[in-house]
Amino acid sequence: QVQNMDFHPLDQVDLIFHEIEDLLDLSGAAGATLSQQQTINIAYNVINRTGKFSKSISEWISLPVHQKTWPTFKTHFYQADELLLETNELTMQQT
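Residues numbered from 1 in each chain as written. Predicted model: local features only at pLDDT ≥ 70, side-chain atom pairs only at ≥ 80, totals over all residues. Heavy atoms only, no water.

> Let's hear about the overall build of the protein: which residues, and what values?
The helix and strand inventory of the protein stands at four helices and zero strands. Reading the protein from its N terminus to its C terminus gives the helix and strand order α-α-α-α. Across the 95 residues in the protein, those meeting the buried criterion constitute 32%. Nonlocal contacts in the protein, meaning residues at least 24 apart in sequence, comprise 63% of its contacts between residues at least 6 apart. If you sum the accessible surface of the protein, you get close to 6,100 Å²; carbon and sulfur atoms cover 51% of it. (Helix = DSSP H or I, 4+ residues; strand = E, 2+ residues; numbered from the N terminus. Buried < 20%, exposed > 50% of the residue type's maximum accessible area, 1.4 Å probe, protein only. Contact = heavy atoms within 4.5 Å. Areas by Shrake-Rupley, 256 points an atom, 1.4 Å probe, with all protein chains shown as cover.)

> Can you lay out the confidence of the model for the protein for me, pointing to particular residues and giving the numbers?
Confidence along the protein averages 83 in pLDDT terms, with 81% of residues attaining 70 or more. Ranking the elements of the protein by mean pLDDT puts helix α1 (residues 14-29) last, at 88, and helix α3 (residues 54-62) first, at 95. Here residues 91-95 scores under 50 on pLDDT; set against residues more than four positions off or in separate chains, the count is eight contacts. (pLDDT = per-residue confidence, 0-100.)

Below you can see the structure in the form of structure tokens.
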């Protein structure tokens with residue numbers, strides 16, 4: 001369900017991360033723990049579909065592999081979301 005999550009560009013990225021954290025809890029309880037890479041891939045796919053974070057996605061892709069952790073992913077996109085909110089960089093098409 002998380003991968004098919006309908007995320008509106010005006011929503012904050014917290015919504016995505018809360019849903020994914022819930023998924024991690026459920027999968028762990030069911031004995032089907034997701035790897036860090038699987039978690040990042042799910043979040044990346046949801047975030048990419050928003051069209052809101054194209055610059056931040058390019059920055060993420062450019063990071064060295066050893067820096068691509070789940071905590072770093074969340075921090076990177078929290079900061080990107082805050083910057084977009086502060087600078088009002090959403091276009092009318094995104095809203």
